[in-house]
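What follows is the residue order along each chain.
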Amino acid sequence: MDTSLETGLSAEKLKAIKVNLPTPDEIAMIEGYEDKDELGNAEKYFLAINKIPLLSIRVDSLEYKASFELKSKELIHSLDIVLSAIKFVKTDKRLHGIFELVLAL
């Protein structure tokens, strides 16, 4: 399942959103401002997204979901390499001969 199709956001875009989420200090500073109409677009954006419950956790989970398939494919590839190496160590006669010589010393 491709999460970018569901949300319209790729893992890279979600990382960018995560980096640009307002900090608690920024939110406190903006909320302390009396005349909200005079705020700039960025500050109004911060106030709007601050109303979303658990936004940081949601973005983290969407980012994880978006990158899961790629990470799992990389892990499967790494495991295939390890399994191939194990099979080689188990079956290679020349390597067994070298091990025998080393152990005999």
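Just so it is clear, the structure is predicted and the values come from calculations on it, not from any experiment.

### Comments concerning the confidence of the model for the protein
And step 1. Confidence in the prediction of the protein, expressed as mean pLDDT, is 89, and 93% of residues score 70 or more.
And step 2. Looking across the protein, the model is least confident in helix H1 (residues 3-7), with a mean pLDDT of 57, and most confident in helix H5 (residues 55-91), with 94.

### Quick look at the packing of H5 against helix H6 (residues 93-104)
And step 1. The contact between H5 and H6 brings their axes to 6 Å, and the two run at 65°. By the angle between their axes, H5 is roughly perpendicular relative to H6. Residue-level contacts link Phe88, Val89, Lys90 and Thr91 of H5 to Lys93, Leu95, His96 and Phe99 of H6.

### Examining the environment of isoleucine 30
And step 1. Its place among the elements puts isoleucine 30 in helix H3 (residues 24-31).
And step 2. The class of isoleucine 30 is buried, set by a relative accessible area of 8%.
And step 3. Taking the C-alpha atoms as reference, isoleucine 30 lies 71 Å from valine 102; in sequence the two are 72 residues apart.
And step 4. Ignoring anything within four residues of it in the chain, the contact list for isoleucine 30 reads Lys36, Leu39, Glu43, Phe46 and Leu47.

Quick notes on the rules
- Residues numbered from 1 in each chain as written.
- Predicted model: local features only at pLDDT ≥ 70, side-chain atom pairs only at ≥ 80, totals over all residues.
- Heavy atoms only, no water.
- pLDDT = per-residue confidence, 0-100.
- Helix = DSSP H or I, 4+ residues; strand = E, 2+ residues; numbered from the N terminus.
- Axes fitted to C-alpha atoms, helices over the stretch in contact; angles between N-to-C directions.
- Parallel < 35°, antiparallel > 145°, perpendicular 65-115°, else oblique.
- Contact = heavy atoms within 4.5 Å.
- Buried < 20%, exposed > 50% of the residue type's maximum accessible area, 1.4 Å probe, protein only.

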